[in-house]
Amino acid sequence: MTSEATLADGAKPAPARTLDARDYKTLALSALGGTLEFYDFVIYVFFATVLGGLFFPADMPDWLRQLQTFGIFAAGYLARPVGGIVIAHFGDLLGRKRMFTLSIFLMAAPTLVIGLLPTYASIGVAAPLLLLAMRVLQGAAIGGEMPGAWVFVGEHVPAKRYGFGIGTLTSGITGGILLGSLVAVAINRHYSPEQVSDFAWRIPFILGGVFGLVSVYLRRFLHETPVFKELAGLKSVARELPLRTVLREHRLACLYVALQTWVLSAAIVVVVLYTPTYLQKVHHIPAALALEANALATLTLTIGCVIVGWLSDRIGTRAVMLVGWGGLFATAYLFYTGLPGTPATLLWHYGLVGLFVGSIATVPIAGVRAFPAPVRFTGLSFAYNMSYAVFGGLTPVILTLWLQHDTMAPVHYVAALAALGFLLALWPLAARGHAMRDGVGAPGSATMSR
């Protein structure tokens, strides 16, 4: 929250406004698009086993088939930095809205294509190559979508609702994971394994692609951010390659956002994406119960993001980070050390740790304002995507190797990163950054948060 702000020359900003109808429309359309786009990105992992059997030779060893299937999934992560940097570059030069719309189109179209792709039995080796190409496009899209969405909303909402706006958007993005989980459960319950392999696996991809294209249309009704309009009017849009400016003048901000992203990736990749498999393989919890508990944790995560954003506006980002990451440290040990437990304790403890995973909303809240407006999109996108590509991709490998020696590896990893998040709350950028708007959108202006 902006508790006290001044312009660079000491003048007082214009009176802060509250959320109006246009802000709510911006939040709704942005969150909806984020939900659908993240759904498109993660639905692959819920059908990885089926895709492996359809897009690779039948006589290939199962372990190699799964390795290549997840390798294609990982390609999406590796493409994130490239897509994020390119989309952000033009977002700082041509406008946030254009790139915000382009990113969801680059996600929706490949998702639809995946749902229509012929399999290995039909076209041979071309099938996995086409699947790989679509995942690369999806990765490039998600690399631009998430930083772009955070910047777009951060520059739209009034200063006194900045945290709530970004928290709500983040909840919409994480809601895409929940939607993917629920769709996967529904498909597998409604159709037999043979039907899923035959045709039903295509349904979630086709639906995701179609609804994503609808979201592209809806984003036509969004407006360019006031901050970019002001920069364009003052001809303050970045005159050199934005990334060059970021690397020369904002290295500490990049480091801060990259470390925060490491914490975020640990919370999402381990607690939400990796743990269902861990519950089944290590603690022999039935798949149905593991997925049910995971869906509950993802729901509380989605709620937690909104709560974190709301509290950030009232008690300050630093205080929320201290409570949130400290709470994740404690509840992670409560959850993982209590396994396998009973079905009731599994649901209760997983849901509780999921709520504190909502602390990830502090990452974009602090990260967006860590960079000045002319290079904001590029700075956030570069630091966030480079960090997520490295740590998001390495985390499953690290845990798989670590689990060979210690079955408590997931909780130790999450707790260590939660401790890092706690320490990052003490960094000055947790409480200070460049202002978004309300008269303080000019480059060089700063805002102090409680």
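Quick notes on the rules
For every chain, the first residue of the written sequence is number 1, and numbering continues from 1 along that sequence. Note on the predicted model: pLDDT of at least 70 is required for a residue's local features to be given, and 80 or more for side-chain atom pairs to be given and counted; whole-chain, interface and lining totals, by contrast, use all residues. Side-chain metrics rest on all non-hydrogen atoms present in the structure, leaving aside hydrogens and water. Each helix is a run of H or I in the DSSP string that is no shorter than four residues. Each strand is a run of E no shorter than two, and both are numbered from the N terminus. Two residues form a contact once any of their heavy atoms are found within 4.5 Å. Buried residues of nine kinds, namely Ala, Val, Leu, Ile, Met, Phe, Trp, Tyr and Cys, make up a nonpolar core once their side-chain atoms join them within 4.5 Å. Exposed residues in this analysis have more than 50% of their type's maximum accessible area, buried residues have under 20%, and partly exposed residues fall in between, with area computed by a 1.4 Å probe over protein chains only. Only residues whose relative accessible area exceeds 30% and that form no salt bridge are eligible for patches; like-charged ones are grouped when within 9 Å, while nonpolar side chains (Val, Leu, Ile, Met, Phe, Trp, Tyr) are grouped when within 5 Å. Here, Shrake-Rupley sampling with a 1.4 Å probe gives the accessible areas, and only protein chains in the shown set may cover a residue. Throughout this description, the term salt bridge denotes a Lys or Arg side-chain nitrogen within 4 Å of a carboxyl oxygen of Asp or Glu. pLDDT: the predictor's confidence for each residue, scored from 0 to 100. Here the aromatic set is Phe, Tyr and Trp, taking the six-membered ring for Trp, and pairing holds for ring centres within 6.5 Å; pairs whose planes are under 30 degrees apart are stacked, those over 60 apart are edge-to-face, and all others are tilted. Here, axes are lines fitted to C-alpha atoms. For helices the fit covers the stretch in contact, and angles between N-to-C directions go from 0 to 180 degrees. Angles are sorted into four bins: roughly parallel if under 35 degrees, roughly antiparallel if over 145, roughly perpendicular if 65 to 115, and oblique for all others. Should the near helix be turned anticlockwise from the far one by less than a right angle, the crossing is left-handed, and should it be turned clockwise, the crossing is right-handed. In the scheme used here, Gly and all other residues not listed as nonpolar or charged are polar, with Ala, Val, Leu, Ile, Met, Phe, Trp, Tyr, Cys and Pro taken as nonpolar and Asp, Glu, Lys and Arg as charged. Given the number of residues in a helix, its expected span is that number minus one, multiplied by 1.5 Å.

Engineer: Could you give me a rundown of the overall build of the chain, with the residues and numbers involved?
Structural biologist: Scanning the chain for helices and strands turns up 18 helices and three strands. Long-range pairs, those at least 24 residues apart, make up 85% of the contacts in the chain between residues at least 6 apart in sequence.

Engineer: A description of the nonpolar core should follow, citing residues and the corresponding values.
Structural biologist: Within the largest apolar cluster, 107 residues are counted, with the highest numbers of intra-cluster contacts made by Phe 55, Trp 150, Trp 201, Ile 268, Leu 279, Tyr 336 and Ile 360. By residue number, the principal contributor to this core is helix 12 (residues 251–283), which donates 16 residues. Those residues within four positions of Trp 150 in sequence are excluded, and the remaining contacts are Ile 166, Leu 169, Thr 170, Ile 173, Pro 364, Val 368, Leu 380 and Tyr 384.

Engineer: Account for the environment of Trp 348, naming residues and giving values.
Structural biologist: Positionally, Trp 348 belongs in helix 15 (residues 343–357). Trp 348 sits in the exposed class, given a relative accessible area of 59%. The spatial distance from the C-alpha of Trp 348 to the C-alpha of Ala 293 is 8.5 Å, given a sequence separation of 55 residues.

Engineer: How would you sum up the environment of Phe 73? Please name residues and give values.
Structural biologist: Tracing the sequence through the fold places Phe 73 in helix 3 (residues 62–94). Along the primary structure Phe 73 and Leu 131 are separated by 58 residues, whereas in three dimensions their C-alpha atoms are 9.5 Å apart. Those residues within four positions of Phe 73 in sequence are excluded, and the remaining contacts are Phe 41, Tyr 44, Val 45 and Arg 135.

Engineer: Which residues make up a nonpolar patch on the surface, and what values go with them?
Structural biologist: Side chains of Leu 296, Leu 299, Ile 303, Ile 307 and Leu 355 sit close together on the surface and give an oily, nonpolar patch of about 360 Å² of accessible area. With respect to the element layout, Leu 296 can be found in helix 13 (residues 287–315).

Engineer: Can you tell me about the confidence of the model for the chain, naming the residues and giving the values?
Structural biologist: Per-residue confidence for the chain averages 79 on the pLDDT scale, and 80% of its residues sit at or above 70. When mean pLDDT is compared element by element in the chain, helix 14 (residues 317–337) scores highest at 96, while strand 1 (residues 4–6) scores lowest at 36. Taken as a whole, residues 234–238 scores under 50 in pLDDT and shows 11 contacts with residues more than four places along the chain or in a different chain. The low-confidence segment residues 438–446, where pLDDT is below 50, has 28 contacts with residues more than four positions distant or belonging to other chains.

Engineer: Account for the packing of aromatic side chains, naming residues and giving values.
Structural biologist: With the rule as written, the count across this model stands at 12 aromatic pairs. Consider the rings of Phe 335 and Tyr 350, whose centres lie 4.6 Å apart with planes at 15°: the pair is stacked. Taken together, the positions of Phe 335 in helix 14 and Tyr 350 in helix 15 put the pair 15 residues apart, joining distant regions of the chain. Like Phe 335, the residue Tyr 350 is buried in the burial classification. Joined through ring pairs, the aromatic side chains of Phe 47, Phe 55, Trp 201 and Phe 205 make up one cluster.

Engineer: Can you tell me about the pattern of salt bridges, naming the residues and giving the values?
Structural biologist: What the rule picks out here adds up to one salt bridge. Close ionic contact of Arg 248 with Glu 249 constitutes a salt bridge, the shortest N to O distance being 2.9 Å. With relative accessibility at 41%, the residue Arg 248 sits in the partly exposed group.

Engineer: Describe in detail the packing of helix 14 against helix 15, supporting the description with residues and values.
Structural biologist: Remark: helix 14 packs on helix 15, axes separated minimally by 8 Å, with the N-to-C direction vectors making an angle of 160°. Classified by the angle their axes make, helix 14 and helix 15 are roughly antiparallel. As helix 14 packs across helix 15, the resulting crossing turns out to be left-handed. Where helix 14 abuts helix 15, its residues Val 323, Gly 324, Gly 327, Leu 328, Thr 331, Ala 332, Leu 334 and Phe 335 lie against Leu 346, His 349, Tyr 350, Leu 352, Val 353, Phe 356 and Val 357. Taken together, the residues of the contact of helix 14 with helix 15 break down into 11 nonpolar, four polar and no charged.

Engineer: For the packing of helix 13 against helix 14, give the residues involved together with the corresponding values.
Structural biologist: Remark: helix 13 packs on helix 14, axes separated minimally by 7 Å, with the N-to-C direction vectors making an angle of 130°. The orientation of helix 13 relative to helix 14 falls into the category oblique. The segment helix 13 lies against helix 14, with Val 308, Leu 311, Ser 312 and Ile 315 engaging Thr 317, Ala 319 and Val 320. Taken together, the residues of the contact of helix 13 with helix 14 break down into five nonpolar, two polar and no charged.

Engineer: Talk me through helix 18 (residues 409–424); I want residue IDs and the actual numbers.
Structural biologist: Compared with an ideal rise of 1.5 Å per residue, which puts 16 residues at 22 Å, helix 18 spans 23 Å between its outermost C-alpha atoms and is within 8% of the ideal. For helix 18, the set of buried residues is Ala 409, Pro 410, Val 411, Tyr 413, Val 414, Ala 415, Leu 417, Ala 418, Gly 421 and Leu 424. Lining the buried residues of helix 18 we find helix 12, helix 14 and helix 17 (376–402).

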